[in-house]
Amino acid sequence: MQHDAAETTQAAETTMPVETTTAVETTTGVETTLGVEKRTIDHIPVTERHGRARDLFTIWFGSNIMLLTVATGVVATAVYGMPVWAALIALVVGHAVGGVVMALHAAQGPQMGVPQMLQTRAQFGSYGSLLVVILVIFMYVGFFASNMVLGGQAVSSLFGIDETFAIILIGLVSVVGAIVGYRMIHALTGLMSLVSGVVMVLAFVWMLGVHHLPTGALHTGGATVAGFMGTVSLAALWQIAYAPYVSDYTRYMPRDTGVRPAFWATYAGAVLGSLFPMILGVLVGAALPKADTVSGLQELTHGVGGVVIAVFGIGIACTNAMNLYCGALSTITVGQTIFPKWVPGASARAVVSAVLFAGALVMALAGKDNFLVNFTNFMLLLLCVLVPWTAVNLVDYYALKHGEYDIDSLFERDGGRYGKFNLIAVACYVLGILVQIPFLSTAMYTGPMAEKLGGVDISWIIGLAVICPLYLFLMKRFARFAGHSPVVAEAATEGVA
């Protein structure tokens with residue numbers, strides 16, 4: 001059933017009262033950047049839309065140039081023992097493939113005007129979506145904690161202050177960004193795209209041209225299939241893990257932004273902004289495999305190392321503001337599902353951000369002494385629960401609904417046209433996790449199929465390959481049993497909504 005966009009938008013705007021009007025658009029650039037965002041998960045009306053597709057390049061390029069990205073590259077050579085040449089190929093393959101999955105979500109924000117995880121209600125139902133949203137909140141908190149550890153180590157190394165205090169300081173700076181909101185985050189990442197980009201080039205020049213890598217760092221032996229696929233998986237997951245973020249930073253953009261411009265700007269920013277810092281990490285891991293990321297990078301860029309660590313540390317604060325902002329929106333989504341008459345605004349986002357910060361701080365302080373191993377295991381397990389969600393979401397959006405959703409229903413407790421539970425989506429999600437388990441290969445668990453493959457982890461490939469066609473087939477043939485209202489079941493069967 002094709003819904004008129006204007007009617008849908010008008011209906012959605014009356015579903016959740018908001019705390020502000022479009023007056024924010026008439027203020028100066030400084031005021032709009034520094035002013036606290038009033039909206040949270042409510043629909044963004046067309047009168048408040050702003051921005052251009054190129055803004056999507058800077059937010060993903062600037063936010064990825066940071067110490068955690070470098071640390072992920074270190075894993076390829078220091079943990080998997082890969083030679084530099086093999087690690088570089090694996091990173092390129094992983095980012096190229098994972099970036100496609102991530103960037104396909106970019107068009108959903110301008111079209112629907114709501115946060116990414118709120119959209120999950122359209123696929124899983126109002127209550128069925130909670131399964132996914134709660135897991136994604138843990139992901140945001142995990143990334144936030146990981147970034148606090150590396151940022152705290154950087155600040156402690158540069159200024160000689162207590163590491164625990166430095167970790168708390170980095171977290172508090174990020175909380176400010178999450179509280180101020182959307183415009184400040186876009187502005188900060190835009191600035192960091194330029195600053196961090198220049199410093200990253202400086203780091204490469206210093207590492208390779210001024211201070212040459214230690215003898216033997218560029219060895220050619222030691223490549224294994226398991227290490228190669230592990231590196232590919234880390235890079236692909238780095239991109240796929242951003243899928244729950246994407247619409248949160250495009251939902252204010254005009255509806256006519258376009259699918260292709262949004263896709264390519266997001267893809268280029270995310271892939272390039274992630275690939276080059278990880279290459280830095282590959283070199284650090286190859287040259288100094290026993291050093292931690294901060295001290296290793298600082299040693300290899302001796303002379304400008306303080307500048308490199310400082311800028312990449314500031315990048316962590318910007319990216320962590322994104323983690324906390326998305327985590328707060330997702331947590332509010334859970335609360336609004338349970339209490340549909342709740343009208344969350346800026347104060348709700350501030351309180352939720354503080355609570356999530358406290359949880360992440362506990363996680364950071366508990367795991368900081370064995371950071372690299374803990375982070376690697378976290379990333380690989382995270383891939384297992386994100387892959388089936390992104391498969392269901394993208395197939396539903398592009399192949400079944402063609403981007404047309406009833407926004408008003410997303411805010412109804414019973415799910416409106418989408419019901420409380422889409423049994424097909426929930427079943428596919430659970431099955432998507434289960435089919436990956438035999439193919440998992442981590443320090444904590446190695447599945448029987450992964451053992452037969454010599455420790456190679458192809459779980460995420462299996463998940464995508466199984467769930468994408470399965471969800472499409474089941475929704476087209478059996479949507480009337482999914483838990484949706486009859487009108488949506490009929491529309492899904494026809495391939496139109």
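The preceding data block contains the structure.
Sequence order as written defines the numbering, with residues in each chain counted from 1. The predicted nature of this model means local features are confined to residues of pLDDT at least 70 and side-chain atom pairs, given and counted, to a pLDDT of 80 or more, with totals for whole chains, interfaces and linings taken over all residues. By convention in this description, side-chain values take in all heavy atoms of the structure and omit both hydrogens and water.

A. Seen up close, the pattern of salt bridges. For this analysis, a salt bridge means a side-chain nitrogen from Lys or Arg found within 4 Å of a carboxyl oxygen belonging to Asp or Glu. Tallied over the entire structure, the rule returns five salt bridges. Between E37 and R251 there is a salt bridge, with the nearest N and O atoms lying 3.1 Å from each other. With E37 in the loop between α2 (29-34) and α3 (54-64) and R251 in the loop between α11 (225-240) and α12 (259-287), the pair connects residues that are 214 residues apart, well separated along the chain. Across the pair, exposure class does not vary: E37 and R251 are buried alike. Across the salt bridge formed by D42 and R39, the nearest N and O atoms sit 2.5 Å from each other. Residue D42 is classed as buried on the basis of its relative accessible area, which comes to 4%. Only DSSP runs of H or I covering at least 4 residues are called helices, and only runs of E covering at least 2 are called strands; the numbering of each starts at the N terminus. Remark: exposure states derive from per-residue accessible area (1.4 Å probe, protein chains only) relative to the maximum for the residue type, with buried under 20%, exposed over 50%, and partly exposed in between.

B. Broad picture of unusual backbone geometry. The residue H402 is not glycine, and still its phi comes out positive at about 50°. Within the fold, H402 resides in the loop between α16 (371-400) and α17 (423-436). The partly exposed category is assigned to H402, whose relative accessible area is 47%.

C. Summary view of the environment of V343. On the secondary structure map, V343 appears in the loop between α14 (305-338) and α15 (346-367). Given a relative accessible area of 31%, V343 falls into the partly exposed group. C-alpha of V343 to C-alpha of T40: the two residues are 303 residues apart in sequence and 9.1 Å apart in space.

D. Seen up close, helix α9 (residues 163-180). To estimate how far a helix should reach, multiply one less than its number of residues by 1.5 Å. In a regular helix each residue adds 1.5 Å, so 18 residues correspond to 26 Å; α9 covers 27 Å between its end C-alpha atoms and thus fits that length. If you check which residues of α9 are buried, you get A166, I167, I170, G171, S174, V175, G177, A178 and V180. For α9, the capping residue at the N-terminal end is D162, with a side-chain oxygen 3.2 Å from the backbone nitrogen of T164. At the C-terminal side of α9, G181 shows a positive phi close to 105°. Polar contacts, as used here, are pairs of N or O atoms within 3.5 Å; protein pairs need one atom able to donate a hydrogen and one able to accept it. Residues neighboring in sequence count only if both atoms are side-chain atoms.

E. Local environment of the nonpolar core. To form a nonpolar core, buried Ala, Val, Leu, Ile, Met, Phe, Trp, Tyr and Cys residues must be joined to one another through side-chain atoms within 4.5 Å. Counting residues in each nonpolar core, the largest one holds 145 residues, and the members touching the most others are W60, Y249 and F312. If one sorts the elements of this core by residue count, helix α8 (residues 129-159) sits on top with 16 residues. The contact criterion used throughout is that any non-hydrogen atoms of two residues lie within 4.5 Å. When sequence neighbours within four positions are dropped, the list of residues in contact with Y249 reads L56, I59, W60, Y182, I185, H186, M322, Y325 and C326.

F. Geometry of the side chain of Q436. Tracing the backbone through its elements, the reader meets Q436 in helix α17. A polar side-chain atom of Q436 sits 2.8 Å from the main-chain carbonyl oxygen of G432. For Q436, the residues in contact, after removing those within four places along its chain, are L383, C384, V387, P388, S459, W460 and G463.

G. How the structure looks around a nonpolar patch on the surface. A contiguous nonpolar patch, built from L131, L381, V430, L431, L434, I437, M444, Y445 and V466 and spanning about 710 Å² of accessible area, is present on the exposed surface. A per-element tally of the nonpolar patch places α17 first, with three residues. The class for L381 is partly exposed, based on a relative accessible area of 35%. Residues enter patches when they are more than 30% accessible in relative terms and free of salt bridges; like-charged ones are connected within 9 Å and nonpolar ones (Val, Leu, Ile, Met, Phe, Trp, Tyr) within 5 Å. Accessibility throughout is a Shrake-Rupley quantity obtained with a 1.4 Å probe, and a residue counts as covered only by protein chains that appear here.

H. Spotlight on the packing of α8 against helix α13 (residues 293-300). What counts as an axis is a line fitted to C-alpha atoms, over the stretch in contact for a helix, and the angles between N-to-C directions run from 0 to 180 degrees. Close contact between α8 and α13 brings their axes to 9 Å; oriented N to C, the two are set at 50°. As judged from the angle between their axes, α8 and α13 are oblique. On α13, the residues touching L150, Q153, A154, S157 and L158 of α8 are T293, V294 and Q298. Of the residues that constitute the contact of α8 with α13, the class distribution is four nonpolar, four polar and no charged. Convention used here: angles under 35 degrees read as roughly parallel, angles over 145 as roughly antiparallel, angles from 65 to 115 as roughly perpendicular, and any remaining angle as oblique. Residues were grouped as follows: Ala, Val, Leu, Ile, Met, Phe, Trp, Tyr, Cys and Pro as nonpolar; Asp, Glu, Lys and Arg as charged; and all remaining residues, including Gly, as polar.

I. Summary view of the packing of helix α4 (residues 67-79) against α14. Running from N to C, α4 and α14 point in directions that differ by 105°, and their axes come no closer than 8 Å. Classified by the interaxial angle, the pair formed by α4 and α14 is roughly perpendicular. Across the interface between the two elements, L67, L68 and V70 of α4 pack against I309, F312, G313 and I316 of α14. For the contact of α4 with α14, a count of residues per class yields six nonpolar, one polar and no charged.

J. Spotlight on the environment of T69. Among the secondary structure elements, T69 is positioned in helix α4. Given a relative accessible area of 0%, T69 falls into the buried group. Taking the C-alpha atoms as reference points, T69 and G273, 204 residues apart in sequence, are found 9.0 Å from one another. With residues near it in sequence (within four places) discarded, T69 still touches N64, W238, S274, P277 and M278. In this structure the side chain of T69 is engaged in a polar contact, spanning 2.4 Å, whose partner is the backbone oxygen of N64.

K. Layout of the side chain of R121. Relative to the assigned elements, R121 resides in helix α7 (residues 116-124). Within the local environment of R121, its side chain forms a polar contact with the backbone oxygen of L410, the two atoms lying 2.5 Å apart. Leaving out residues up to four positions away in the same chain, R121 has contacts with S126, S129, T333, Q336, T337, L410, F411 and Y418.

L. Local environment of the environment of I279. Within the secondary structure, I279 sits in helix α12. With 210 residues separating them along the chain, I279 and T69 place their C-alpha atoms 9.3 Å apart. Discounting residues that sit within four places of it in the chain, I279 has contacts with L88, L91 and F204.

M. View of the packing of aromatic side chains. Two rings from Phe, Tyr or Trp (for Trp, the six-membered ring) form a pair when their centres sit within 6.5 Å of each other. Planes less than 30 degrees apart are called stacked, planes more than 60 degrees apart edge-to-face, and all others tilted. Applying the stated criterion to the full structure yields 19 aromatic pairs. Ring plane angle 45° and centroid distance 4.4 Å describe the contact between Y182 and Y252, whose orientation is recorded as tilted. Residue Y182 is located in helix α10 (residues 182-210), and its partner Y252 is located in the loop between α11 and α12; the two are separated by 70 residues in the primary sequence. Seen in terms of ring centroids, F263 and W264 are 4.9 Å apart; in terms of plane orientation they differ by 85°. Their pairing is edge-to-face. The class for F263 is buried, based on a relative accessible area of 14%. For W264, a relative accessible area of 53% gives the class exposed. A connected cluster of aromatic rings, assembled from ring pairs, spans W60, Y140, F143, W238, Y242, Y245, Y249 and Y325.

Interpretation in functional terms is not warranted from these geometric data alone.
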